[in-house]
Amino acid sequence: MPDTLHTDIAVIGAGTAGTSAFHEIRRAGHSALLIDHGPLGTTCARAGCMPSKAVLHAAHRWSVLRDFLGRQPAPSSASADALWREALALRDTLADGAAKRTREAAGDALLLGSARFVAPDALDVDGRRVRARAFVVATGSRPVVPPFLRELGAAVLTTDSLFQRDRLPRSVGIVGAGAVGLEMAVALSRLGVRVVAADRKDAPAGIADPAIGQRAAQRFREEFTLWLGQPVQVEADPSGAAIRCGADSELVEVVLAALGREPNVHGLDLAASGATTDAQGRFAADPATLRLPGSSLFLAGDVHPDRPLMHEAADEGVIAARGALSLLDGQPARVPARRTPLGIVFTDPDICNVGMSFDRLDPESTVIGTAEGSGNGRSRILHAESSLVRVYARRGDGLLLGAALMAVHGEHLAHLLAWAVQRGETARSLLEMPYYHPVVEEMLQSALKDAARQLDTDTDTARGNR
Ligand SMILES: Cc1cc2nc3c(=O)[nH]c(=O)nc-3n(C[C@H](O)[C@H](O)[C@H](O)COP(=O)(O)OP(=O)(O)OC[C@H]3O[C@@H](n4cnc5c(N)ncnc54)[C@H](O)[C@@H]3O)c2cc1C
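Rules of the game
- Residues numbered from 1 in each chain as written.
- Predicted model: local features only at pLDDT ≥ 70, side-chain atom pairs only at ≥ 80, totals over all residues.
- Heavy atoms only, no water.
- Helix = DSSP H or I, 4+ residues; strand = E, 2+ residues; numbered from the N terminus.
- Buried < 20%, exposed > 50% of the residue type's maximum accessible area, 1.4 Å probe, protein only.
- Contact = heavy atoms within 4.5 Å.
- Areas by Shrake-Rupley, 256 points an atom, 1.4 Å probe, with all protein chains shown as cover.
- Expected span 1.5 Å × (residues − 1).
- Arc of directions from axis to C-beta.
- Core = buried A, V, L, I, M, F, W, Y, C linked by side-chain atoms within 4.5 Å.
- Near = heavy atom within 4 Å.
- Polar contact = N/O pair within 3.5 Å; in protein donor to acceptor, adjacent residues only side chain to side chain.
- Nonpolar A, V, L, I, M, F, W, Y, C, P; charged D, E, K, R; others polar.
- Axes fitted to C-alpha atoms, helices over the stretch in contact; angles between N-to-C directions.
- Parallel < 35°, antiparallel > 145°, perpendicular 65-115°, else oblique.
- Left-handed = near helix turned anticlockwise from the far one by under 90°.
- 1 Å grid on protein atoms, 1.4 Å probe; cavity = no way out; pocket = protein on both sides within 12 Å on 5 of 7 lines; lining within 4 Å.
- Points joined across faces, edges and corners; volume = space filled by probe spheres on them.
- Salt bridge = Lys/Arg side-chain N within 4 Å of Asp/Glu carboxyl O.
- Pairing = 2+ DSSP bridges.

## Comments concerning the overall build of the protein
So, point 1. Looking only at helices and strands, the protein features 13 helices and 22 strands.
So, point 2. Its C-alpha atoms give the protein principal-axis dimensions of about 70 × 70 × 40 Å.
So, point 3. The proportion of buried residues among the 466 residues of the protein is 50%.
So, point 4. Long-range pairs, those at least 24 residues apart, make up 66% of the contacts in the protein with a sequence separation of at least 6.
So, point 5. Here the protein displays about 21900 Å² of accessible surface, and carbon together with sulfur accounts for 51% of that area.

As structure tokens, then:
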């Protein structure tokens, strides 16, 4: 390979966003290089979506077995550690498959190495020069580990290092009970690990709707210690660490930092690309085009931290690629519309957010239809009486704005709702759809009926006032 490589667009990062961008550029008939320092296989498959869901499933299997056996010992062939390892072996298969697909799709256009800007049109990749007319930066993110946790040394884990372990710890303090922290708290506690999860926010899983937040806190406190609404402190202890939240304190073997993720821009030397920073000194991309001001760089995926989800990373890869292509062609970019926001926390019962979140609703112009799991036959059969569905509809025409819910099989309800919001359905039009019996979807029907009743009352009141 020559020392200087020339390409139309260089894509840095072969994760979900980068590979999506690479394919879009190739489809448009332009040349692209896909650069990654490895390991290949995407964060989603290697350390994110897939291992987390695989260990949640292992935890489900173990908790069903333990419920069934009661105090009797489990058969010698079964152990929580064995199920954990089985889940991670499945992760390895999936991640290796993703890495293989990337290698095959990119072929000679895959360049392994660490990229760093040295000029507005040039990168250094481990000593090799790459010149391009535009760049997609899709370098992902890394777990945030603040200094007070770093001081714990080996006793502090992130999801990256947790999924490298082949044995479960006896106890864990989870700092941060957002989506990732809560999923790991549920998985580990169902696998028999003593869990203490703590967050300074009042609600777990980053949920904005206070009714769902309260219900979720109540529900998961049945399974593990969950401290909310107070600053969290952690100190080293000979047995591992002491975790504190307000007046509460416990000793744990390890601590899991689940405080969110930060963009992987360290080491890229973005300043050399000509990109300019905002008033806070940050490299912030235009949210619509994903372009970094002053440069020919487009950010995609978790490196642009607005929507840190796998399907959003794939969409952003396309948006960034089209932006980069528009610089080459001199044509305006054909930017695809963003999808209805959808967030799912796979905690069984799942916690989900769809469309407009509660904190953005105008209370004067919104009705909230509610349904309880205790009123839904299927949820009662599935021991999920604590389920709660809240749908948000616009006063007047009943346009569905969004929803928040905690429900068994909530992932499916959330999809139906997201599709309905994106299609512009109303509370009344959704009630014309079929609902089988007995299904969890009947909770959605009940919540919509509740919203429709409130909309009808509004109409009656308006008529009475005339
Ligand atoms: C525990 C956990 C659970 C999650 N669960 C879900 C879920 O259930 N559903 C969901 O939608 N999302 C989930 N996510 C989020 C999802 O995994 C991410 O949004 C998605 O993987 C981001 O993809 P990406 O392409 O932006 O980054 P990545 O897949 O991380 O790709 C970035 C790539 O850039 C490379 N790179 C970085 N810097 C350089 C450099 N300087 N030079 C060369 N290469 C470089 C890296 O090697 C990497 O391959 C989860 C995340 C975590 C951590």
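## Quick look at helix α11 (residues 410–422)
So, point 1. Given a rise of 1.5 Å per residue, 13 residues ought to cover 18 Å, and the 18 Å separating the end C-alpha atoms of α11 matches this to within 8%.
So, point 2. Turning to α11, its buried residues number three or more, namely G410, L413, A414, L417, A418, A420 and V421. Looking straight down α11, one finds its buried side chains confined to an arc of 165°; they lie on one side. Looking at α11, the residues exposed on the side facing more than 90 degrees away from the buried face are W419 and Q422.
So, point 3. Each element contacted by the buried residues of α11 is listed here: β18 (342–345), β19 (350–355), β21 (388–394), β22 (400–407), α12 (427–431) and α13 (441–465).
So, point 4. Where α11 ends, the next residue or the one after it, G424, has phi of about 75°, a positive value.

## Some remarks on the nonpolar core
Soluble globular proteins tend to pack their nonpolar side chains together in the buried interior.
So, point 1. In terms of nonpolar packing, the biggest core is built from 49 residues, with W84, I174, V195, F224 and I351 touching the most fellow members.
So, point 2. In this view, W84 contacts V55, L162, F163, R165, D166, R167, L168, L188 and L191; residues no more than four positions away in its chain are not counted.
So, point 3. If you look at the next biggest cluster of nonpolar residues, it comprises 47 residues, including A14, F135, L270 and A285.

## Thoughts on the site of the ligand
So, point 1. Near the ligand there are 35 residues, and of these D36, T43, K53, D302 and M310 occur at the shortest range.
So, point 2. Take D36: an N or O atom from its side chain is 2.6 Å from an oxygen atom of the ligand.
So, point 3. Interatomic distance of 3.4 Å between a backbone N/O atom of P308 and an oxygen atom of the ligand.
So, point 4. Bound to the protein, the ligand loses 91% of the 1000 Å² it would expose on its own.
So, point 5. In terms of residues, the shell around the ligand owes the most to one element, helix α3 (residues 49–69), which gives 3 residues.
So, point 6. Each residue belonging to the shell around the ligand can be placed in one class, and the counts come to 16 nonpolar, 15 polar and 4 charged.

## Describing the packing of helix α1 (residues 16–27) against helix α4 (residues 80–106)
So, point 1. The geometry of α1 relative to α4 is characterised by a closest axis approach of 12 Å and an angle of 25° between their N-to-C directions. Of the possible angle classes, the one that applies to α1 and α4 is roughly parallel. The handedness of the crossing between α1 and α4 comes out as left-handed. Residues T19, F22, H23 and R26 of α1 pack against T102, A105 and A106 of α4.

## Observations concerning the layout of surface pockets
So, point 1. For the second largest pocket, the calculated volume is near 450 Å³.
So, point 2. H60, D67, R219, D348 and L382 are the residues nearest the centre of the second largest pocket, which is lined by 16 residues in total.
So, point 3. Of all elements in the fold, only α3 and α7 (179–190) reach the threshold of two or more residues within the lining of the second largest pocket.
So, point 4. Considering only residue class, the lining of the second largest pocket consists of 5 nonpolar, 6 polar and 5 charged.

## With respect to the pattern of salt bridges
So, point 1. Considering all chains together, one arrives at 28 salt bridges under this definition.
So, point 2. With its nearest N and O atoms 3.4 Å apart, the salt bridge here joins R167 to D81. Taken as a pair, R167 in the loop between α6 (159–162) and β9 (171–175) and D81 in helix α4 lie far apart in primary sequence, 86 residues in all.
So, point 3. For D81, a relative accessible area of 15% gives the class buried.
So, point 4. When salt bridges that share partners are traced, they join R190, R219, E222 and E223 into one network.

## Notes on the pairing of strand β13 (residues 240–245)
So, point 1. For β13, the tally of buried residues reaches 5 of 6 residues, placing the bulk of the element in the interior.
So, point 2. With 6 bridges connecting them, strand β12 (residues 232–237) and β13 associate as antiparallel partners. Across the sheet, A236 pairs through a bridge with A241, a residue of β13.
So, point 3. Bridge count for β13 against strand β14 (residues 248–252) is 5 bridges, and the pairing is antiparallel.

## Structural notes on the sheet that holds β12
In a beta sheet, neighbouring strands pair by backbone hydrogen bonds and run either parallel or antiparallel.
So, point 1. Reading across the sheet, the 3 strands line up as β12-β13-β14 and stay open at both edges, with antiparallel pairing between neighbours. Every other strand in the sheet has two partners, leaving β12 and β14 as the edge strands with one partner each. Averaged over all adjacent pairs, the angle separating strand axes in this sheet is 20°, with direction ignored.

## Some words on the environment of A275
So, point 1. Residue placement: A275 occurs in the loop between β16 (261–263) and β17 (297–299).
So, point 2. Counting along the chain gives 136 residues from A275 to E411, while the straight-line C-alpha distance between them is 39 Å.
So, point 3. Each residue touching A275, except ones within four places of it in the same chain, is listed here: L270, F283, L292, P293, G294 and S295.

## A short note on the sheet that holds strand β8 (residues 156–157)
So, point 1. Spatially, β8-β15-β9-β10-β11 is the arrangement adopted by the 5 strands of the open sheet, whose pairing is parallel. Edge positions in the sheet fall to β8 and β11 (225–228), since each of these pairs with one other strand and no more.
So, point 2. Sheet topology places β8 next to strand β15 (residues 254–257); 2 bridges connect them, and they run parallel. Bridge pairing links V156 to V255 in β15.

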